[in-house]
There are 2 protein chains.
Amino acid sequence: MSVTAAKGFTAAGIAAGIKENGNPDLALVVNTGPRRAAAGVFTSNRVKAAPVLWSEQVLKSGQVSAVVLNSGGANACTGPKGFQDTHATAEKVAEVLGRGAIEVAVCSTGLIGVLLPMDKLLPGVETAAAQLSEHGGEKAAIAIKTTDTVHKTSVVTKDGWTVGGMAKGAGMLAPGLATMLVVLTTDADLDDDVLDKALRAATRTTFDRVDSDGCMSTNDTVLLLASGAAGVTPEYAEFAEAVRQVCDDLGQQLIRDAEGASKDIKVEVVNAATEDDAVEVGRSIARNNLLKCAIHGEDPNWGRVLSAIGTTKAAFEPDRLNVAINGVWVCKNGGVGEDREKVDMRYREVHIVADLAAGSETATIWTNDLTADYVHENSAYSS
Amino acid sequence: MSVTAAKGFTAAGIAAGIKENGNPDLALVVNTGPRRAAAGVFTSNRVKAAPVLWSEQVLKSGQVSAVVLNSGGANACTGPKGFQDTHATAEKVAEVLGRGAIEVAVCSTGLIGVLLPMDKLLPGVETAAAQLSEHGGEKAAIAIKTTDTVHKTSVVTKDGWTVGGMAKGAGMLAPGLATMLVVLTTDADLDDDVLDKALRAATRTTFDRVDSDGCMSTNDTVLLLASGAAGVTPEYAEFAEAVRQVCDDLGQQLIRDAEGASKDIKVEVVNAATEDDAVEVGRSIARNNLLKCAIHGEDPNWGRVLSAIGTTKAAFEPDRLNVAINGVWVCKNGGVGEDREKVDMRYREVHIVADLAAGSETATIWTNDLTADYVHENSAYSS
C-alpha cells in the first residue's frame, strides 16, 4: 500500500531508461488534497546533492504537491548543471500536473558524480504522470530501489486516519540519516509545523540510529506529506507515535536488507549518564570494524566492545562496565564475566547490551556485521 | 639491529610458552647505562590494559632500566588479578636484573580479556635474562609479533649516536596510537624531558596518523630509552628528526603489514584552514568503509571521498573541493574533473589528495583498503 495507503494520494513507478538494465527508475507521488502540508528532514552531510539543495528550499514553504524520485543516479557533485537538471525536473512535474514547481520535491539516488540522462528522465515524468493511481504506491516503492533486494513499505492505520510510506536504502547507512529516500504520507488533517515536529522526533530515534556502515550519504531525504483527506485531526502524541512506528519499521527493513550483511546487530546502551552518552557509545560500538568482523564470525569478542567504549568521551569507569551478548553477561565489572561458550550466535539477530553503570539513560543503535560480501558489493563495481 | 643498534642496550627474545603454538612470545630489553632516562606515550583509549596502567606509573619518574614485553595475551580487561600479574612480572624482571621494579616497564599484546599464564611467563623472564645480548635486538623484535607477518625494526645512525627501534602491529591500527608496541633506544646522552618532547612530537605526525581500520587498542605503548653510552648530546632538532624518521619508518612498516590489506592508501589533505581540519578530514576519508572497498576494487570513486569530507566540521565550500587519485584530478570544484579512466590503480600504494581550498595547512593519514581477507582474519578466530 505504501504511500497510497492514506487517502488523498496517487503514485506511479515506471522505467524511464535512466538505469541501463531497464529496471523501474522513476517514481511520482502526488498529493491530491484537499491540503498540501509537508515536512522534510535531510542529510547532515555538508556535501549535499542537487535534489537535496532544491527540496530544502521547497520545504521552507511547508507545502508539497508532489515528489518525483529517481534511482539510477544521485545527481550529487554535479555542479551547476546538476542543479539545473533538478530544477528542470521539478518544472516538468509542475507542468504536467498543473502545479507550481516550488511545490515539487525532488529526490535522486545512485552513483555520485554523474549527470542524469535528462533526455530520458523528462519524458519519463510524462509517462509516470499518465499512470498515477490510488493503487500506485507499490510500483513507486519498487522504482526507487538501487541495490535493495526488496522494496520497503509500511502502514499504520488508526481511527479514521493512516500513515504509510516507502523507503529505499541498502548501504551507506548512517545517521544524518541512513542512505535512503523515504516518503511518508498521511490523510490526517495537520499543519506543517505539527508534521515537522512529529517527523523530527521520529527520525531522531529511528533512521538516525540505523548505522549499517558508518558512511553518510549526500542524498538522504525523508518527507512527510499530509492530504487532510481523512478530515480527522488526531492528537499530537498519537500521530507522532504512528509516524515513529512507520519510521521504525522502515528503518528495520533497511538494516535487514543491508548490502552483504549476515547479521543484524542491536546495540543497546543502558545506564548511561545522558542520552547523548548512550548514543555516542552505541555508535562507537556499531562502527568498530573489528567487532563487526567478530560478530560475522559468531565470536562473542567482548574485548572489542570495551575497546570501542574506551574511545568515547561518555561518563563511565572502566572497571564498572558490563557487556551482555545475546543475554550472556560475558563481561562484568570491566573483566571476564560469564562463560563466553554460553553465547548462542547462530541466528541473524545479535543483541549487545553495554551497561555503563553511570546513570539511567539508554539508546539503541542498529548496525550490521562486516562481511566479505559487503566488501565484494562495494568494490566490484561503482555504486 | 633493532633496539640493540644503540650502545648501552642488551635484548633477548624467547619462547616462554605463552603462545600455544610455541612461537617466540617474550622479549626483554635492558638499558645497561650509564644513564636510564626514558619517555613514553600510551594509548588514549580509556579502557587501558594493566601493563599500560603500570608503565604509565613507571614513566612518571623518567627512568626505565628494562622493558619486558609479551605477545600471546593483552592482559586487558582482566581486573585486579591482571594488574597483579603485571606487577609480579615487573618484580621478577627487577629481581633477576638486580634493579627496582618501578624502573621496569611492561608491555603486553594479544587477545583482550584473558589472564596471562604466569606459570610460563615468570620462568620465561629468567630464561630471557640469561640470553640478554648486545645482538639480541632482532630476536626481541620477533618475540613481540602477533598477527604480524614480518618483524619490524628501524635504525638511524648519526655522528656518533644512534636511534633504533622495534615495533609490532598489524591490525587495530588507529590513532592513540596504532595497535602496537614500540621500543626505541638511543645511546645519545639526553634528559628524560628532552626524550619526552622529541617522542611526542614524532608520534603526533607518524604513529598517530597511521589509521588502518579506525580501531583503537587498549595496549598501545611507545617507549624511548636513552643509555647515554655514546657520550654525545646532539642538538634537539637533529635528535628529534632522527626519532621522527625511525617512527615514520616503523609506522610505514605497520601499514604495509596490515591484516588482509592489498593497498596502502596515503590520504594527503592540502590547503586546509588549520592542521586540525586537515587531520579531521584525512581521518574521515581514511575511515570510510565504502571508499576503502572501492580502492580495493581499484575504483577511483571520488564521490565517496567527497561524501566523507562532507561529514566533517572542517572549513570548506563543497563547490571548491578538488580530489586527485594517483595524480589525476578526478574531482574539480566539487564536480566531475579529469577522466577517471586515466587513473592507474594497479599498484599497492594509492595516493589520494583532497584539496580543501580553504587555507595552507596539510596533513597525511595512512590507511589500508578493506578486503575480504581483512574480514576473514578478524572473524575466523579471536584476536
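Up top you'll find the structure we're talking about.
Residues numbered from 1 in each chain as written. Chains lettered and ligands numbered in written order. Predicted model: local features only at pLDDT ≥ 70, side-chain atom pairs only at ≥ 80, totals over all residues. Heavy atoms only, no water.

1. Some remarks on the relation of the copies chain A and chain B
Moving on, step 1. Rotating chain A by 180° about the axis while translating it 0.0 Å along that axis superimposes it on chain B, leaving an RMSD of 0.0 Å. The operation mapping one copy onto its partner corresponds to a two-fold rotation axis. Residues of chain A ranked by C-alpha distance from the rotation axis are headed by A:Ala372, positioned 2.1 Å from it.
Moving on, step 2. Here 98% of the interface residues in chain A have copies in chain B that are interface residues too; the copies meet face to matching face. (Least-squares fit on C-alpha atoms with pLDDT ≥ 70 in both. Contact = heavy atoms within 4.5 Å.)

2. A short note on the packing of aromatic side chains
Moving on, step 1. If you walk through the whole model with that rule in mind, you get four aromatic pairs over all chains.
Moving on, step 2. The ring of B:Phe316 is capped by A:Arg46, whose NZ or CZ atom sits 3.9 Å from the centre of that ring.
Moving on, step 3. The lysine or arginine in question, A:Lys197, covers the ring of A:Tyr236, its NZ or CZ lying 4.4 Å from the ring centre. (Phe/Tyr/Trp six-rings, centres within 6.5 Å; stacked < 30°, edge-to-face > 60°. Lys NZ or Arg CZ within 6 Å of the ring centre and 35° of its normal.)

3. With respect to the interface of chain A and chain B
Moving on, step 1. Taken residue by residue, the interface counts 52 residues in chain A and 51 residues in chain B.
Moving on, step 2. Together chain A and chain B conceal approximately 3,800 Å² of surface at their shared face, both sides included; 57% is due to carbon and sulfur atoms.
Moving on, step 3. Linking chain A to chain B there are eleven residue pairs in polar contact (both at pLDDT 80 or more).
Moving on, step 4. Among the secondary structure elements, those contributing two or more residues to the side of chain A that touches chain B are α8 (289-296), α9 (302-309), β13 (335-336) and α10 (372-379) of chain A.
Moving on, step 5. Its residues assigned to classes, the side of chain A that touches chain B shows 23 nonpolar, 23 polar and six charged. (Buried area = accessible area lost by both parts, 1.4 Å probe. Polar contact = N/O pair within 3.5 Å; in protein donor to acceptor, adjacent residues only side chain to side chain. Helix = DSSP H or I, 4+ residues; strand = E, 2+ residues; numbered from the N terminus. Nonpolar A, V, L, I, M, F, W, Y, C, P; charged D, E, K, R; others polar.)

4. Things to note about the packing of helix α7 (residues 275-286) of chain A against α9(A)
All names here are of chain A.
Moving on, step 1. Their axes nearest at 8 Å, the elements α7 and α9 cross at an angle of 130°. Comparing the axis directions of α7 and α9 gives the class oblique. Between α7 and α9 lies a crossing of right-handed hand. Each of Val281, Ser284 and Ile285 in α7 lies in contact with α9, whose residues at this interface are Val305, Ala308 and Ile309.
Moving on, step 2. Taken together, the residues of the contact of α7 with α9 sort by class into five nonpolar, one polar and no charged. (Axes fitted to C-alpha atoms, helices over the stretch in contact; angles between N-to-C directions. Parallel < 35°, antiparallel > 145°, perpendicular 65-115°, else oblique. Left-handed = near helix turned anticlockwise from the far one by under 90°.)

5. Thoughts on the sheet that holds strand β12 (residues 328-332) of chain A
Residues and elements named next belong to chain A.
Moving on, step 1. Across the sheet, six strands lie side by side as β13-β12-β11-β14-β10-β15; this open sheet has mixed pairing. A strand with exactly one partner marks an edge of an open sheet, and here the two such strands are β13 and β15 (361-368).
Moving on, step 2. Across two bridges, the pairing between β12 and β13 is antiparallel. Across the sheet, the residue bridging to Lys332 is Gly335, located in β13.
Moving on, step 3. Its contacts with the sheet put helix α6 (residues 236-256) on β10 (264-272) and β15, and the angle it makes with β15 is roughly 40°.
Moving on, step 4. This element, α7, spans β10, β14 (349-355) and β15 of the sheet and lies at about 20° to β15. (Pairing = 2+ DSSP bridges.)

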